[in-house]
Each structure stands twice: as C-alpha cells, then as structure tokens.
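Here are the chains, one letter per residue:
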Amino acid sequence: MTWVAAVARLRARREPGVLVTVATVRGHAPRRAGAKLVVGRTGTWGSIGGGNIEAVAIDRARELAGTPGAEPELMEFALNDKVTGRHGVQCCGGAVSVLLEPLPVVEAVAVFGVGHVGLELARILARQDLDLHLVDTRPDMLTDARLAVLADAVAQVHVHHTPLLPEEVLAELPPGSHVLIMTHDHAEDAALCDAALRTAGLGSIGLIGSDAKWARFRKRLSTEGGHDDAAIDRIKTPIGLDDITGKEPATIAVSVAADLLRTFERSPIRP
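Attention in this report is confined to the structure presented alongside it. Computed from a prediction, not measured in an experiment: that's the story for all the values here. (Residues numbered from 1 in each chain as written. Predicted model: local features only at pLDDT ≥ 70, side-chain atom pairs only at ≥ 80, totals over all residues. Heavy atoms only, no water.)

### Focus: the sheet that holds strand S5 (residues 95–103)
The strand order across the open sheet formed by five strands is S3-S2-S1-S5-S4, and the pairing between neighbours is antiparallel. Of all strands in the sheet, those bounded by a partner on one side alone are strand S3 (44–46) and strand S4 (73–78). Looking at each pair of strands side by side, their axes are set apart by 20° on average, direction ignored. Pairing between strand S1 (residues 17–26) and S5: nine bridges, direction antiparallel. Within the sheet, the bridge partner assigned to Val20 lies in S5 and is Leu100. Lying on the sheet, helix H1 (residues 3–13) is in contact with S1, strand S2 (36–39), S3 and S5; it crosses S2 at an angle near 15°. Contacts between helix H2 (residues 51–65) and the sheet are confined to S1, S2, S3, S4 and S5, with S4 contributing the most and set at about 160° to the helix. (Pairing = 2+ DSSP bridges. Helix = DSSP H or I, 4+ residues; strand = E, 2+ residues; numbered from the N terminus. Axes fitted to C-alpha atoms, helices over the stretch in contact; angles between N-to-C directions. Contact = heavy atoms within 4.5 Å.)

Okay, here's the thing in structure tokens:
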C-alpha cells in the first residue's frame, strides 16, 4: 500500500496517525531522503529503514498521535557504533533527520437541510479540512449540478438523500459530529432536535430559527419528548454570531460558519 493510500485509510477510519519522512541524509543510511512511513494506532505502512531509527520513530509517532494539538517535529539520528539506541545499534556511518507530521482526526459536521442557507454554508465549510455531511429529504437539493460548487472542496463531502427519516442519519455520523438543523420543514426540524438529543456521542447541536419557533420546540421537547432542561439546553438557537444580523443566505452562512469554527477551537476533538 502506498503512503498516500495509507493516509487515506486512516482518514476514512477517523483514526489519528503520523506521517514519518526521512528529511535529510548525510553519509550512508538505510533509506534515501523522502522515504515515508505512516503510523497508525496499531499498524504501520511503508518504511524509513527499519532498525532503531524506525522503532524510535514509531514510538514517538504514537505518542504524538495521542496528543491533542501536536505539532510536527524533527528527530536526529547518528548511525554509528558509538550510539546505542533504545532499540539497538545502527552503524551505517551516516546521519539522518526524520520529520514527524501528525495526522489528526478532523472535525465532522452534518448540515440537515441544503436549501439557500445550507448550500452557502456548505460552500464555506467545504474549504475546511473536515468531514462534511449534507442531508436533505428533497432530491433536487442534492443534484450533481447543484453541488458542483463543491467540486474543489478540501473537505470530504458525504451526501445523504433521506426521503423519509433524515434523523436516521444521526446514528451513522462519526462520534463528536457537530449537527446543524436548518431544513425547509419545521416538523422535520422538530423531529431532528428530538432525535439529536437521543443520539449519544454528538458534538454541538444547532438550530436555525426565531425565538418564537424555539419557544414552541422547547415546550414540545419537554412535554412530548420528555427531555429535561439540561438536555434541551444542549441545542443552541439561534445559531451564528450575535453581532452579525444580516438576513441574506450568504451572510447567515458566514455567521454560522464562524461560530462553528469558534466551537471547534473551544472544544477540539480528542484522538
């Protein structure tokens, strides 16, 4: 498996890892500069030369993979019989520097309702390195032509057309996913709010709408849904930044995206 495929596999599994690269070589060494190794929690792919270099790099990579906010770092190795490493001696005669680049698990966001605001929001979020789930009951909202504006997305975009029960998607989302509810139908929004509160492991939950809408929803979630105040308070509404008051879809989307990015910084996902 190539290192590119290995990185993609970790991304698909939502598993943290580290990309290890031989950065520089002076004199004799097991591998040339550019050799790569991908380290996951339990597996590795590729090689930077085996022996002490590789074993030490793997140990450190797994420490980094378990550290939130870990930064890339450079390790130096002297390859001679005067240096005893943690995993033995390598006496090729040269020196090697190895770059370790953490591959964190990215944030996941699910947008329920890809109407005017939802699509503008998707366009903004698609520029971020995250897993973006777009959910709508209306097939015309999710056509290839309409979503062509996301063709150059940095995010991994997952499209869910759910004509009957969009709340079923909640159970399929990765742990820690942030949920934004903004469908065309208040009844659908209400069902999603109820289902989100019953779904373990979600991140933040946001609902678009007015104070009057939320007052009705809050009463229903309490009386019909049986949720207590602490649970209901998990739902943030209105969403977005308070000091951005424009009503245009693109303006609302910018406000919501900025607020969500701030949420990411306050509560980063854990590996």
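### As for the packing of helix H3 (residues 116–125) against helix H7 (residues 249–266)
Contact pair H3 / H7: the axes reach a minimum separation of 8 Å and the direction vectors enclose 50°. The orientation of H3 relative to H7 falls into the category oblique. H7 is crossed by H3, and the crossing has right-handed handedness. Contacts from His116, Val117, Glu120, Leu121, Ile124 and Leu125 of H3 reach H7 at Pro249, Ala250, Ile252, Ala253, Val254, Val256, Ala257 and Leu260. For the contact of H3 with H7, the per-class residue count stands at twelve nonpolar, one polar and one charged. (Parallel < 35°, antiparallel > 145°, perpendicular 65-115°, else oblique. Left-handed = near helix turned anticlockwise from the far one by under 90°. Nonpolar A, V, L, I, M, F, W, Y, C, P; charged D, E, K, R; others polar.)

### What about the sheet that holds strand S9 (residues 178–181)?
A sheet is described by the order of its strands in space; here six strands give the open sequence S8-S7-S6-S9-S10-S11, paired in parallel fashion. For this open sheet the edge positions go to strand S8 (156–161) and strand S11 (235–236), each flanked by a neighbour on one side alone. Sheet analysis places strand S6 (residues 108–112) next to S9, joined by four bridges and oriented parallel. Residue Ala110 lies in a different strand from S9, and its bridge partner there is Val179. Across the sheet, H7 touches S6, S9 and S11, and the angle it forms with S9 is around 160°.

### Focus on the environment of Lys219
Looking at the secondary structure, you find Lys219 in helix H5 (residues 211–223). Taking the C-alpha atoms as reference points, Lys219 and Ile232, 13 residues apart in sequence, are found 9.8 Å from one another.

### Description of the nonpolar core
By size, the foremost hydrophobic cluster in this structure holds 25 residues, and its most contacted members are Val109, Val111, Leu121, Leu125, Leu132, Leu134 and Leu180. Breaking this core down by element, the ones donating at least two residues are S6, H3, strand S7 (131–136) and H7. In contact with Leu132, other than residues within four places in its own chain, are Val109, Val111, Ala122, Leu125, Ala126, Ala155, Gln156, Val157 and His158. Judged by nonpolar contacts, the second largest core, of 22 residues, contains Phe112, Ala190, Leu192 and Leu207. (Core = buried A, V, L, I, M, F, W, Y, C linked by side-chain atoms within 4.5 Å. Buried < 20%, exposed > 50% of the residue type's maximum accessible area, 1.4 Å probe, protein only.)

### Regarding the packing of helix H4 (residues 186–198) against H5
Two numbers describe how H4 lies on H5: the axes approach to 11 Å, and their chain directions differ by 50°. In this view, H4 runs oblique relative to H5, as classed from their interaxial angle. Here H4 runs over H5; the crossing is right-handed. Residues His186, Asp189, Ala190, Cys193, Asp194 and Leu197 of H4 form the contact with H5, whose own contacting residues are Lys213, Arg216, Phe217, Arg220 and Leu221. Of the residues belonging to the contact of H4 with H5, the class tally is five nonpolar, one polar and five charged.

### Quick notes on the pattern of salt bridges
In this structure the tally under the stated criterion is 17 salt bridges. Here Glu63 ties to Arg60 by a salt bridge, and the two come within 2.7 Å at their closest N and O atoms. A residue pair is termed a helical-turn pair when its members lie 3 or 4 positions apart in one helix, as Glu63 and Arg60 do in helix H2 at three residues. Its salt-bridge partner being Arg138, residue Asp136 comes within 2.9 Å of it at the nearest N-O pair. For Asp136, a relative accessible area of 2% puts it in the buried group. What you see here is one network of salt bridges that share partners, running through Arg11, Arg14, Asp129 and Asp131. (Salt bridge = Lys/Arg side-chain N within 4 Å of Asp/Glu carboxyl O.)

### A few points about the environment of His160
Assignment of secondary structure puts His160 in strand S8. Judged by relative accessible area, His160 falls into the buried class, the value being 16%. Through-space distance from the C-alpha of His160 to that of Thr137 is 8.5 Å; in sequence the pair is 23 residues apart. Leaving out residues up to four positions away in the same chain, His160 has contacts with His133, Leu134, Val135, Asp136, Leu142, Val169 and Glu172. Of the polar contacts made by the side chain of His160, one reaches the side chain of His133; its length is 2.9 Å. (Polar contact = N/O pair within 3.5 Å; in protein donor to acceptor, adjacent residues only side chain to side chain.)

Purely geometric stuff here, so don't read any function into it on its own.
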